[in-house]
Amino acid sequence: MFINGERVDAGDAATADVLNSATQEFLDTIPVATAEDVQRAVDAAQIGKRVWAATPVHERSRILTKCADAIDARREELAVSLSTEMGKIIREARGEIRVCAQIFRGFAEAANHHYGKTMTDYQIGTENDMIFTQREPLGVVACISPFNYPVELCSQKAAAALAAGNAVIIKPATDNPLTIMKIVELCLDCGVPGNVLQLVTGGGAVVGDMLVNSDGINAISLTGSTAVGKGIAKAGAETLKRIFLELGGNDPFIVFEDADMELAVADAVQGRVQNAGQTCCAPKRFLVQNSVKEEFIRRVIERLENLKLGSPLDEATDLGSLISPKAAREVKRQVEYTVEQGAKLLYGGSLYDESYFEPTVLDQVTPEMDVAYDMEIFGPVLPIIGFDTEEEAVRIANHTIFGLQAGVMSRDMKRVMRVASQLECGGVVINGSGNYRHTDQPFGGWKMSGIGREGISVTLDEMTQEKSYILKNILRA
C-alpha cells in the first residue's frame, strides 16, 4: 500500500491473492489493511490536504501533466498488466490506459481555468460592496473504484480531486488493484506528495466502512453496485459527506424498423461484448420493433458467431474473460433464471474455462421479467424485447429502477429526438448504443443509477466548495 509516502504492508501482515482473471494463475499478493492502517492514511491526509491546497494551481497542474506523460510513456506495460489481472482484451486495455492519461491531462488543464463569479449591485444597499466567489477544495476525498474499468474510473475521481486541491485516498477493487497501484507509484514519483495521494487495499468491510464513516473524510466518490451505493449514502449522511455515486444500469437499446440494420446490429454486439459485458452503461435490454425483430436476431447471431474468443493478450481476441469464476457463475444463474421465467435461449448460455461466458441471446423476454426491470446482467448477454409502437418502446425503456444511458436507432431524426427527450436517463446516444463516454461529458444517471456527474466539464465543481468573499463598503469614498 502507499501510506504517507511509504510502501507498507498491512499492520498484521495479512495479504490477499490477486489472480489472472482468464487463467486463474497466481499473480501477486496485496496487503489487507487493518483499521489502524486506514486511520494512519486518514491522519496523514489531514496534513496533506493543507499542503496541497496551498500549492499553486499552476504547480498542481504541472505535476498532474507530468503524471499523464509518465502514464503515456508506459502505456504498453500498463496495458499488459491491466489485461492480465482483469481479463480485458489487450486492445481495450491500451485504450483504457490512453484515456487515463487524457483524464489527468484534461483535469490539469481545466483546473487552470476554474473560475469564480462576481456579483452585481442590483440589490439596493449593496452599491458600495464587492462580492466574489472562489472555488476551494473539499479536503480529503476517498475514491472507491470498481473492477471493470479500474484505471479509467479511478482516474476520473482521483485526477479531478487532485486537480481541485484535495488530498486523495484510493481504495481499489480487491480483484485487480495492481495496475492502479503502479499508476499511483508513477504519480508519487512525478511529485504528488505522499500524504496527498495514498492507496489502501483490502475489503470493503474494513477499508470502505472506515473511509465512509470517518470524520476525516470530506467526500466519497464511488463507482459500484447500487446496493453498495445505497449503503454508502446512508452511512455518509451521518457526517454529511459529499457523496458521488455512479451505480448500476439496465440500459435500453431501441431499434425502430427504419433503422440502419447493419449499424444497429454492429453497435448492439460491440456495445454488449465490450469488456466482456462488464460495463455499467452497456446496452442490457434490446427493444426491437416486432416487424424487424427476427432479422435483427438473425444478424446479431451471425455476428456473434464470428467473434474470436480466447486469451485477452491475443491481439485477435474479441471477447475476454469475466473478472472471476464467481462472476461467470452469477451470469449463468441469471440467464437460467430468465429462461425459467419464460425467455427462450437462442444462442450461447454456457460458462467455460471457469471465468469465460459465451455471448448469449435471449428471445421472448417480456417487460415483467426481472431482466427487463431491476436485474443487471454483467456479462455478454443480449435479452431481446419486442415492441410495436413508439409509445410502447418508451414505456418499456423507462420501466426500470435504473436510468444511466440509452441508445435509439432510427433514420427518422424527429422520432429519435422525440423518444430521447422522454427517456429517463442521464444520456442518450442517437444512432448508437449507450455504451459511450466522452471524457468531458457529464456522465451519470437518474433514479437508482446514481447521484452526481463525472467528467472534465463538471467534476471540478463537484470536488470543490464555493466560498463568497464580501468586501463591504469597499467602493465607498
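Anyway, here's the lowdown on the structure attached to this text. (Residues numbered from 1 in each chain as written. Predicted model: local features only at pLDDT ≥ 70, side-chain atom pairs only at ≥ 80, totals over all residues. Heavy atoms only, no water.)

**Some thoughts on the nonpolar core**
Move 1: One finds Ile71, Phe104, Ile170 and Leu197 to be the most contacted residues of the largest nonpolar core, which totals 59 residues.
Move 2: Per-element accounting of this core gives the leading share, 11 residues, to helix 4 (residues 90-111).
Move 3: Every residue in contact with Phe104, bar those within four places of it in the chain, is listed here: Leu64, Cys67, Ala68, Ile71, Ser155, Ala159 and Cys187. (Core = buried A, V, L, I, M, F, W, Y, C linked by side-chain atoms within 4.5 Å. Buried < 20%, exposed > 50% of the residue type's maximum accessible area, 1.4 Å probe, protein only. Helix = DSSP H or I, 4+ residues; strand = E, 2+ residues; numbered from the N terminus. Contact = heavy atoms within 4.5 Å.)

**Let's talk about the state of the cysteines**
Move 1: Within this structure, the stated rule accounts for 0 disulfides.
Move 2: We note that Cys67 lacks a disulfide partner, and the nearest cysteine sulfur, in Cys187, lies 3.7 Å from it.
Move 3: Cysteine Cys100 is unpaired, with the sulfur of Cys187 as its nearest cysteine sulfur at 7.4 Å. (Disulfide = S-S within 2.5 Å.)

**Looking at the pattern of salt bridges**
Move 1: Applying the stated criterion across every chain, the model contains 27 salt bridges.
Move 2: Salt-bridge contacts for Glu376 lead to Lys284; the nearest nitrogen and oxygen are separated by 3.1 Å. Residue Glu376 is located in the loop between strand 16 (360-363) and strand 17 (381-387), and its partner Lys284 is located in strand 12 (residues 283-289); the two are separated by 92 residues in the primary sequence.
Move 3: Taking the shortest distance from any N to any O, the salt bridge between Glu424 and Lys447 comes out at 3.0 Å. In this pair, Glu424 sits in the loop between helix 13 (413-422) and strand 19 (427-430) while Lys447 sits in the loop between strand 19 and strand 20 (450-451), placing the two residues 23 residues apart along the sequence. (Salt bridge = Lys/Arg side-chain N within 4 Å of Asp/Glu carboxyl O.)

**Thoughts on the side chain of Asn20**
Move 1: Along the chain, Asn20 falls in the loop between strand 3 (15-19) and strand 4 (26-31).
Move 2: Residue Asn20 is classed as buried on the basis of its relative accessible area, which comes to 10%.
Move 3: Among the polar contacts listed, one links the side chain of Asn20 to the backbone nitrogen of Thr23, at a separation of 3.1 Å.
Move 4: Residues contacting Asn20, with those up to four places away along its chain left out, are Glu25, Leu27 and Thr84. (Polar contact = N/O pair within 3.5 Å; in protein donor to acceptor, adjacent residues only side chain to side chain.)

Purely geometric stuff here, so don't read any function into it on its own.
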